[in-house]
Amino acid sequence: MNDKELALKIIELTGSKENISSVRHCATRLRLVVKNKDKINVKAIESLDKVKGSFFNSGQYQIILGTGLVNRVYDEVIKVTGEEGNNNDEKIVYGNKFQRAIRTFSDVFVPIIPVLVATGLFMGLRGLLTQEAILHLFGLTTKSVPANLLTFTQVLTDTAFAFLPALVCWSTFKNFGGSPVIGIVLGLMLVSPSLPSAYDVGSGAAKPLMFFNFLKVSGYQGSVLPAFVTGILGANMEKWLRKRIPDALDLILTPFLTLLIGMTVALFAIGPALHTVETAVLFVVENLLQLPLGLGGLLYGSFRQLLGIFGIHHILNFLEISMLANDGWNYLNPIGTCGNIAQAGAVLAIAIKVHDQKMKQVAYPSALSAALGITEPAVFGVNLRLVKPFIAAMIGGGVGGFLASIFHLKATGMGITGIPGTLLYLNNQLPFYILVNLVAFAVAFSITWLFCVPKTEKEDVVEPKEEKEVSSESLFAIASGDAIEMSAIKDPMFAEGIMGPCAAIEPADGKIYAPADGTISFISESEHAIGIITNEGAELLLHLGIDTVKITDEKVFDTKVTMGQKVKKGDLLTVMDLDGVERHQCQKTVITIVTNHNSYTDIAQVKTGSITPDDIIMELSL
């Protein structure tokens, strides 16, 4: 499957391009905001070739593809959906205010990270080439390096951070709907050569400009927060002005007023206040990491991976960028890397020791991916699902982080970890970097191997059980009414079987019953969908009504069961208010979908017309 075919398949399984509100990507994941989550066929997407897993976080459906591939698939996706999915994500509100703020922060900083990664690699290479030990191999000393060559390397390593506010303002304008070119100019104004450089003022080589006899103003080289907030203010101001200024004057007045007001507020209000806040945050974090006896590294190394689960790890981008811009070192990277490598150790232990072939097929490539710095497949695909291996990885990361603090490790850049991260330590630190990561890996691997094998695996080894041979399974109707053919369902997603083969009923009343013995595996927040895993292994989704997910102002489902509850065929699961469904102009059709249909050789609907919960509606054949 090539990149275009993969992109088209993802769009199809996400519910078509009409269901996609916006498209973005980070270093490893395609990030989609969708209008209706229920139209996503998650299992089918995760079974696609080259897809390493997926999950919902901060209001986004995130598909793990890996570095490089994600860029190419993203390009193919927006050819179909339109640029950035038409940027309609402001119309779709997912998550609480904090989650939405984190997502916005991520969307701004992710596009500029590749440039900073490249800059970090330049720093690492310059450190390697200027080491006395390396130069000595060629019969040279540090004095032998030409001054012009050093100047050339400084251009490579210093430019991105010298003009960092321009990058931040550009990305902020782009994400908040302003003109990116105005954002670039506004950001460049913050580091204008006419202003005393923040670096010179900080070192005492220059004095800040004095306004109103009390307000000190200098450039904001290396600052992130002032540029970020200035970008938000400027983009919203530009949009506000464009709605009010006549078209004939728009070209002249809108950029003029946006830059004038934005720069004035940035220099005299936003800049001084937020630069103080930024400095204080950095001071607190750096001192936390420098707690005695490696305590800071132990804490950060242990809990860093939790930030990724909750989708708030992008806050760290701001801290890492600020650290590098201020003194050229990243103190978070070596400790965070230990957590990633520990995830690799834990998932590799699972891969070797479990007997489940499907788990092995996921775990082995996840271990390699985590060692290369991409931990999502290991975390979401294996370790977090089994819980204990994730805890083992937290312990391994903590031990590695403790040692990283003891050795005072610091990176020359950001954005890469694990094996590729060695490029950020091409100096006297490299042996220690390798050592702390080997320790983190070994600790996580050992704990997982000894204590974290899934319980079912242990039972399989100690006391093998004969598997019950099943050739077919019958599913009973979930309601009384009229059964209709799948093709007659008034929603193409179900009528075409995109989520799986299904059988539908136009219910005579609102009572919904269990179609087989099994366990409740899922209940949607709106209660319009219920998942059941039958005792024979069928994975079912009962979708109650069409478009009923949008009913939020009235309770139309009275659910009688809970997650994890065992049910028998014919047990009452919920009661639909059919009148309430129709009042909201939704279809009342109830649908039974077999989501793991790939496990069966044949799935057939055996009855249409008048039906009751005592009638078989589908037959599944293995």
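Scroll up for the structure.
In this report, the structure presented in the accompanying data block is examined.

Quick notes on the rules
Residues numbered from 1 in each chain as written. Predicted model: local features only at pLDDT ≥ 70, side-chain atom pairs only at ≥ 80, totals over all residues. Heavy atoms only, no water. Helix = DSSP H or I, 4+ residues; strand = E, 2+ residues; numbered from the N terminus. Buried < 20%, exposed > 50% of the residue type's maximum accessible area, 1.4 Å probe, protein only. Contact = heavy atoms within 4.5 Å. Areas by Shrake-Rupley, 256 points an atom, 1.4 Å probe, with all protein chains shown as cover. Lys, Arg positive; Asp, Glu negative; His and termini not counted. Charge placed at Lys NZ, Arg CZ, Asp CG, Glu CD. Pairing = 2+ DSSP bridges. Axes fitted to C-alpha atoms, helices over the stretch in contact; angles between N-to-C directions. Salt bridge = Lys/Arg side-chain N within 4 Å of Asp/Glu carboxyl O. 1 Å grid on protein atoms, 1.4 Å probe; cavity = no way out; pocket = protein on both sides within 12 Å on 5 of 7 lines; lining within 4 Å. Points joined across faces, edges and corners; volume = space filled by probe spheres on them. Nonpolar A, V, L, I, M, F, W, Y, C, P; charged D, E, K, R; others polar. Disulfide = S-S within 2.5 Å. Expected span 1.5 Å × (residues − 1). Arc of directions from axis to C-beta.

Bringing the overall build of the chain into the picture now. Within the chain one finds 22 helices and 20 strands. Expressed as a percentage of its 622 residues, the buried residues of the chain come to 50%. Partitioning the contacts of the chain with sequence separation of at least 6, the portion at a separation of at least 24 is 71%. As displayed, the chain has an accessible area near 29,000 Å², and 62% of this comes from carbon and sulfur atoms. Here the chain carries 49 positive and 57 negative side-chain charges, and the mean point of each set is 6 Å from the other.

Now for the sheet that holds strand β10 (residues 511–513). Spatial strand order, β10-β16-β14: 3 strands in an open sheet with antiparallel pairing. Among the strands making up the open sheet, the edge pair consists of β10 and β14 (557–559). Neighbour to neighbour, the strand axes of the sheet diverge by 20° on average, direction disregarded. The pairing of β10 with strand β16 (residues 572–576) spans 3 bridges and is classified as antiparallel. From the neighbouring strand, isoleucine 512 faces β16, where its bridge partner is threonine 574.

A few words now on the environment of isoleucine 498. Relative to the elements of secondary structure, isoleucine 498 occurs in the loop between α21 (492–495) and β9 (502–507). Between the alpha carbons of isoleucine 498 and asparagine 41 there is a distance of 7.3 Å; along the sequence they are 457 residues apart. Ignoring sequence-local partners within four residues, the contact set of isoleucine 498 consists of Glu12, Leu13, Asn41, Pro492 and Met493.

Bringing the pattern of salt bridges into the picture now. This model, assessed by the stated rule, comprises 12 salt bridges. Salt-bridge contacts for glutamate 238 lead to arginine 242; the nearest nitrogen and oxygen are separated by 2.9 Å. Taken together, the positions of glutamate 238 and arginine 242, both in helix α11 (residues 225–244) and 4 residues apart, correspond to about one turn of that helix. Classification of arginine 242 as partly exposed rests on a relative accessible area of 33%. Here aspartate 577 makes a salt bridge to arginine 583, at a shortest N to O gap of 3.8 Å. For aspartate 577, a relative accessible area of 29% corresponds to the partly exposed category. The exposed category is assigned to arginine 583, whose relative accessible area is 51%. Connected via shared salt-bridge partners are Glu238, Arg242 and Asp250.

Moving on to empty space enclosed by the protein. Counting across every chain of the model gives 2 cavities of 30 Å³ or more. In this structure, the second largest cavity occupies an estimated 50 Å³ of space. Along its surface, the second largest cavity is lined by Asn36, Asp38, Lys39, Asp491, Met493, Phe494, His543, Ile546 and Asp547. Within the residue set of the lining of the second largest cavity, elements represented by two or more residues are α21 and β13 (539–546). Split into classes, the residues belonging to the lining of the second largest cavity amount to 3 nonpolar, 2 polar and 4 charged.

A separate point is unusual backbone geometry. One non-glycine residue, glutamate 527, adopts positive backbone phi at about 70°. Looking at the element boundaries, glutamate 527 is found in the loop between β11 (518–523) and β12 (529–534).

For the structure on display, the rule yields 0 disulfides. Here cysteine 338 is not cross-linked by a disulfide; its sulfur's nearest cysteine counterpart is in cysteine 452, at 19 Å.

Helical geometry: 3.6 residues make up each α-helical turn, so side chains three or four residues apart lie on a common side. If you check helix α19 (residues 430–451), its first and last C-alpha atoms are 32 Å apart, about what 22 residues at 1.5 Å a residue would give, namely 32 Å. Residues of α19 that are buried: Tyr433, Val436, Asn437, Ala440, Ala444 and Thr448. One side of α19 holds all its buried residues, which, seen down the axis, span an arc of 95°. Of the exposed residues in α19, those oriented more than 90 degrees away from the buried face are Pro431, Leu438 and Leu450. Against α15 (333–353) and α18 (388–406) lie the buried residues of α19.

Before going further, it helps to examine the sheet that holds strand β7 (residues 472–476). Judged by pairing direction, the sheet is antiparallel, and its 3 strands sit side by side in the order β7-β20-β18 without closing on themselves. Looking along the sheet, the strands with just one partner apiece sit at the ends: β7 and β18 (602–605). Each adjacent strand pair in this sheet contributes to an overall mean axis angle of 15°, direction not counted. Note: β7 against strand β20 (residues 616–621), 5 bridges, orientation antiparallel. For glutamate 473, the partnering residue across the bridge sits in β20 and is leucine 620.

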